[in-house]
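This is what each chain is made of:
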Amino acid sequence: MNHSWMETPESPDPSSTMRVGLYEEEFKKFNWSLLIIALTLIGIGIFNLISATGVQDKSLGLYKNQLLWCGLGLALTALILLPHYSVFSRLAYVIYFANLLLLVGVLVFGKSSLGAKRWIGIGAFRIQPSEFMKLSLVICLAKYFETDRTVGGYGFKDLLLPGLLVMIPAGLIMVQPDLGTALTILATFVTMMLFMRVRTRTLVIIGICCAVALPTIYKFGLKPYQRQRIISFLDPMADPKGSGYNSIQSMIAVGSGQLLGKGYKKGTQSQLKFLPEHHTDFIFSVFSEEHGFVGCAIVLALYLGLLLNGLSVAYQSHDKFGLLLALGIVTVFFWHIFVNMGMVMGLLPIVGVPLPFLSYGGSSLVTSILGIAILTNIANKKFMF
Amino acid sequence: MAFLGQEEQIREFQDRFRYLYAAVFLVIGLLLSRLVYLQILNGEKMRQYSEENRIKRVKIAAPRGMIFDRNRTLLIDNRPAFDLEIIPQYLRESRQTDQVLGMLSKLIKMPKEEIQGILEKARGQPSFMPVKIKPDLTRDEVAAIEVWKISMPGVEVKEEIKRTNIYGDIAAHLLGYIGEVNSAELPILNKTAQKYKLGDSIGKFGLEQRMEDTLRGIDGEEIKEVDALGRVKLAKGKGRVLENNAGKPAKPGKNLILTIDQDLQLAAAKAFGDKIGALVAVDPRNGEVLAMISRPSFDPTEFSRGIPTAIWNKLLTNENHPLRDKTIQDHYSPGSVFKTVTAVAGLEEGVIDEKSTFRCTGSIRVGNRVYHCHLKRGHGEINVVTALTQSCDVFFYRVAQKLKSVDDLAKWARHLGIGSKTGISLAREVPGLIPTEEWKMKRFGQPWNGGETVSVAIGQSFVLTTAIQLANTYAAIGNGGTHYRPYIVKSIESYDGRVVKEFQPEILGTHELSPKTVELVKQGLWGVINSPHGTAYHQRLPGMDFTGKTGTVQIMRLSADKIYQKCENMKFRERHNGVFVGFAPLKDPVIAVAVIGEHVCHGSTGAAPVARAVVKTYLEKYYPDLYSEKAVAARLKAHGQATFVPPPPKRVDPEDEDVVINDDNVPASDLGAPHVPPGLPPSPPKPTRDTSRDALPDSAVDNEDE
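Just so you know, these numbers come straight off a predicted model, no measurement behind them.

Looking at the state of the cysteines
Okay, step 1: Across all of its chains, the model carries 1 disulfide over all chains by this definition.
Okay, step 2: Two residues share a disulfide in this structure: Cys567 of chain B and Cys601 of chain B, whose sulfurs sit 2.0 Å from each other. Because the torsion about its S-S bond is -80°, the bridge between Cys567 of chain B and Cys601 of chain B counts as left-handed. Taken together, the residues span a long stretch of sequence, with Cys567 of chain B in the loop between strand S20 (547-553) and strand S21 (577-584) and Cys601 of chain B in the loop between strand S22 (591-598) and helix H22 (603-622) at a distance of 34 residues. For the pair formed by Cys567 of chain B and Cys601 of chain B, the shared burial category is buried.
Okay, step 3: In this structure Cys210 of chain A is a free cysteine whose sulfur lies 7.0 Å from that of Cys209 of chain A, the closest cysteine sulfur available.

Quick look at a nonpolar patch on the surface
Okay, step 1: A cluster of nonpolar residues, Leu259, Leu260, Val294 and Ile298 of chain A together with Tyr37, Ile40 and Leu41 of chain B, forms a patch on the protein surface that exposes about 670 Å² of accessible area.
Okay, step 2: Elements with a minimum of two residues in the nonpolar patch: helix H12 (283-316) of chain A together with helix H2 (17-41) of chain B.
Okay, step 3: Per-element accounting of the nonpolar patch gives the leading share, 3 residues, to H2 of chain B.
Okay, step 4: Within the secondary structure, Val294 of chain A is located in helix H12.

Considering the confidence of the model for chain A
Okay, step 1: Overall, the predicted model of chain A reaches an average pLDDT of 82, with 82% of residues at or above 70.
Okay, step 2: Predicted confidence for residues 1-22 of chain A stays below pLDDT 50, and this span has 16 contacts to residues more than four positions away or in other chains.

Some thoughts on empty space enclosed by the protein
Residues and elements named next belong to chain A.
Okay, step 1: Following the criterion strictly, the structure yields 12 cavities of 30 Å³ or more and no others.
Okay, step 2: Taken together, 14 residues form the lining of the largest cavity, with Val332, Phe333, His336, Thr367 and Ser368 sitting closest to its centre.
Okay, step 3: Counted by class, the lining of the largest cavity contains 7 nonpolar, 5 polar and 2 charged residues.

Here's the deal with the nonpolar core
Okay, step 1: Core analysis: the largest hydrophobic core is formed by 116 residues, its most contacted members being Phe284, Met341 and Phe357 of chain A.
Okay, step 2: In contact with Met341 of chain A, not counting residues within four places along its chain, are Phe284, Val299, Leu300, Tyr303, His336 and Leu355 of chain A together with Leu31 of chain B.

Side note on the layout of surface pockets
Residues and elements named next belong to chain A.
Okay, step 1: Taken as a whole, the second largest pocket spans an internal volume of roughly 1,500 Å³.
Okay, step 2: Residue lining of the second largest pocket: 42 residues in total, with Leu183, Leu186, Val190, Cys210 and Leu214 positioned closest to the centre.
Okay, step 3: Where the lining of the second largest pocket is concerned, the elements lending two or more residues are helix H6 (156-174), helix H7 (179-196), helix H8 (200-221), helix H9 (224-234) and helix H13 (320-344).
Okay, step 4: Among the elements that take part in the lining of the second largest pocket, H7 stands out by supplying 11 residues, more than any other.

Quick word on the environment of Ile133 of chain B
Residues and elements named next belong to chain B.
Okay, step 1: Relative to the elements of secondary structure, Ile133 occurs in strand S4 (residues 131-134).
Okay, step 2: Overall, the relative accessible area of 5% leaves Ile133 in the buried class.
Okay, step 3: Separated by 15 residues in sequence, Ile133 and Ile118 place their C-alpha atoms 6.7 Å apart.
Okay, step 4: Discounting residues that sit within four places of it in the chain, Ile133 has contacts with Leu84, Glu85, Ile86, Ile108, Met110, Ile115, Ile118 and Leu119.

Quick look at the packing of aromatic side chains
Okay, step 1: Evaluation of the coordinates by the stated rule reveals 29 aromatic pairs over all chains.
Okay, step 2: Summarising the aromatic geometry, the rings of Tyr85 of chain A and Phe321 of chain A are spaced 6.4 Å apart at their centres and angled 20° between planes, so their arrangement reads as stacked. Of the two residues, Tyr85 of chain A sits in the loop between helix H3 (62-81) and helix H4 (86-109) while Phe321 of chain A sits in helix H13, which places them 236 residues apart along the sequence. Pair check on accessibility: Tyr85 of chain A and Phe321 of chain A agree, each one buried.
Okay, step 3: Between Tyr177 of chain B and Phe298 of chain B the ring centres are 5.7 Å apart and the planes differ by 75°, which places this aromatic pair in the edge-to-face class. On the criterion of sequence distance, the pair formed by Tyr177 of chain B in the loop between helix H8 (172-175) and strand S6 (178-180) and Phe298 of chain B in the loop between strand S11 (289-295) and helix H13 (309-317) is long-range, its members being 121 residues apart.
Okay, step 4: Given the relative accessible area of 12%, Tyr177 of chain B is considered buried.
Okay, step 5: We classify Phe298 of chain B as buried; its relative accessible area is 3%.
Okay, step 6: Ring pairs connect the aromatic residues Tyr177, Phe205, Phe298, Phe303 and Trp312 of chain B, which therefore count as one cluster.
Okay, step 7: The positively charged end of Arg443 of chain B is found above the aromatic ring belonging to Phe444 of chain B, 4.8 Å away from the centroid.

The rules we used
- Residues numbered from 1 in each chain as written.
- Chains lettered and ligands numbered in written order.
- Predicted model: local features only at pLDDT ≥ 70, side-chain atom pairs only at ≥ 80, totals over all residues.
- Heavy atoms only, no water.
- Disulfide = S-S within 2.5 Å.
- Helix = DSSP H or I, 4+ residues; strand = E, 2+ residues; numbered from the N terminus.
- Buried < 20%, exposed > 50% of the residue type's maximum accessible area, 1.4 Å probe, protein only.
- Patch = residues over 30% accessible without salt bridge, like charges linked within 9 Å, V, L, I, M, F, W, Y side chains within 5 Å.
- Areas by Shrake-Rupley, 256 points an atom, 1.4 Å probe, with all protein chains shown as cover.
- Salt bridge = Lys/Arg side-chain N within 4 Å of Asp/Glu carboxyl O.
- pLDDT = per-residue confidence, 0-100.
- Contact = heavy atoms within 4.5 Å.
- 1 Å grid on protein atoms, 1.4 Å probe; cavity = no way out; pocket = protein on both sides within 12 Å on 5 of 7 lines; lining within 4 Å.
- Points joined across faces, edges and corners; volume = space filled by probe spheres on them.
- Nonpolar A, V, L, I, M, F, W, Y, C, P; charged D, E, K, R; others polar.
- Core = buried A, V, L, I, M, F, W, Y, C linked by side-chain atoms within 4.5 Å.
- Phe/Tyr/Trp six-rings, centres within 6.5 Å; stacked < 30°, edge-to-face > 60°.
- Lys NZ or Arg CZ within 6 Å of the ring centre and 35° of its normal.

What follows is the structure, encoded as structure tokens:
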């Protein structure tokens, strides 16, 4: 462990041949797996988007936007890979508060679409700060826990500050309203907290509080359409024109793909607009209809690879910040994959959560790519010690 | 390094990773098995379903509750209407759009370009959603389309329910109308629960609005499987994904049984003719509303499926305000019918009694103003009974002068229900107004002056009432002082005839009127119609104690030289309003009626005949032992008269005939009325009516007393 940063390229080295060798060494040890998985998924995503948006006159060229965003994401990846990831530790709170500011900006200057204010327009493009918040928050939490010295599990008092860090953005996103994103942020936080260990007593009390609060929130906190979604999840036939219909149509689309799918651009469910939001939240049903079980299994395997690789990056990280940061990013991916696919397959109620790399949406795509970039950065640095 | 001390903690963290790995495998495994379930195990079913079938959800609109009158005469029904719709998706798929539209255009006689235009407009919405092309198809068109439907993919005939007011405009305001829920109303309606969707029907006026929750049913739905061309598929066991969800039936709304009697409504509307105004008839024994009409009116049926803009605009711009319910929504100056209240106040406050007489010389001076009687030459010596009968203004001016203040008058007006809402279960009722000293101070910042009390005493000045208030007030006088809340809905029944709720009379209050007061007032009112000197003598029902009071309300301020001019010579919008309120029979009345006729010139000829028609219809229908040819003959015999003798004509100077401030004289043309055969009521004089209407603004009732 004493060779430390003496071997980093920046540090002077007496032997020049050694330097070259080390560069090659480093290049060889570069963790490509996550980037390869991500690029494969992006490729599948674009390919699928061409089919999903081909029928709609107004969304005809959407995949081109997606390509553009992808390019932007990869450019940022190169930037992120250069410095040591500890730069995120230093900038954690700056990033967090900047993003918070953007979220406030959304509510003030935001653009409305389908009754929600989620976007800020920048020229022809519009960004969705709530997507970036997922990463910012994970960085911020990793930073917080890095310096935290709590021993023997977290109690209520210890949870107060991190809880506040989460609740502020979650609240801002909730009022947009964007229940899906707010829930994923909360789920990520809960997962990380559980990982950090919470005192049993605290957990039990929180559990009881939730049991009491949930029906109340259901009754008074949710908007009618959100309540409707939960009702129609429990009984898809309860609301004929609403989300129950979406759920059924989505299941039919997935199921009708059978083993090999109906073929590219031949999915009747999606092509005939039986599917709602089929290029964003329901993109996977388009894919499963056209590519069947085989296609789905491949995508699922890619996600599995992504999650496992991510976990091993976290596992092998040598410092607390890196470990927690990697873990947080994997958690974000995990919840997105689970909630979105669960919804598409009728396992979970309909919550607007994008599927990483496959759903249309620039902010979501860039966030996912940046997540992979940070993971890769952490993965590479482990050889430097 | 800063994190060297973390090693131990990191090792501790690494221990916990197995849970994370477990979670990842669990979730991916779950998703994979769901894929197996959907795509492999149920794949074939789903495939067949998605390729051959499309779910089509058809809303089964729940019929709205029907509305019946008290004898179960159907007033509002739901009748089918047929709309032509096109589902663009199926039309486009068939690749024969042009031919189909051409064929359709011939069948429904609508230019092809127009159909294309409508489809073009609907391009934004999902193509599986039907687009309405033509509403209200005729039976022939429906038949023709059904025949040719097989070669017109995407073309559909949709049956819809059309809310139909069977009697058209008769009770439009009372029954009200329905309309589509608009996007502004939606959030308010769905505050507590998801009850309405855009495009649902909702009551917007009258009972339809007030009883919305009762009348509205619960929509059902039908799940149909259709093939790619939009035709309903026959049941087929295999491939039907939703076999266990055959939809749910609609639950019809509840029916209303009203207190209204449709025969009275028809009689009232007929008697009203094309006059403008309102009529309310109540049962003085319980507050049931027997008839309630407002004229001019409109046909609510036209509203039920979206009213054409042209008709709507015409209704809105009509200067006679057909959309207003004149029975409860419009304030009227009561004029002479208010004298009854003044008489009650005078008697109860003890400033006059049955022996009190005043001398009417045709006018009196209060301060430096002269207040006229409608009879220029005066009524001479007159007491409370004859003053009511002949509607002598001077008598009531003197009563007002004797009262301590206007507040004494206001107190009794309120006791009798004037100046406050009756509480009838209809929206938008206005309260009326009874001025007091305090009110004037608050409203105008001026003290009350004595002359104004004089005007109030004859129902002028600031006094405002509504037709329903007047009917209720006279009902209370008729029944001896009990004040009921007027009500319209007798009972609510479920669609299969079970009584869900029955409404009971509700006593709002009982005035403590002395029997003497009631007797004197009733006697005076009886004379109005039954004494040869009465202002509505020509409206009597022989053999029946029809009782009431006329009023004629000047609505424009007239200069002194014009006071006595003939009303019929004035511009239409400047003519007096006619009011009549009465009840029958004298003892234990069974019906009380208030009629207000706008610009009809006289209460006696413009309003009283309408009331008379309603009372006559009611008595003949429900109380033949009180009023029928036989009953009348028996009664006349009992009175020792073999035949009915018409009273001697009233001697009136021609110049005195016309109403001034608010009188109720009979026009000269009616004085030489033809001889009326015994047992039959005299034919009511035909009101002369100037049809040329002036474009004067519909000025509010001018309450100036001179």
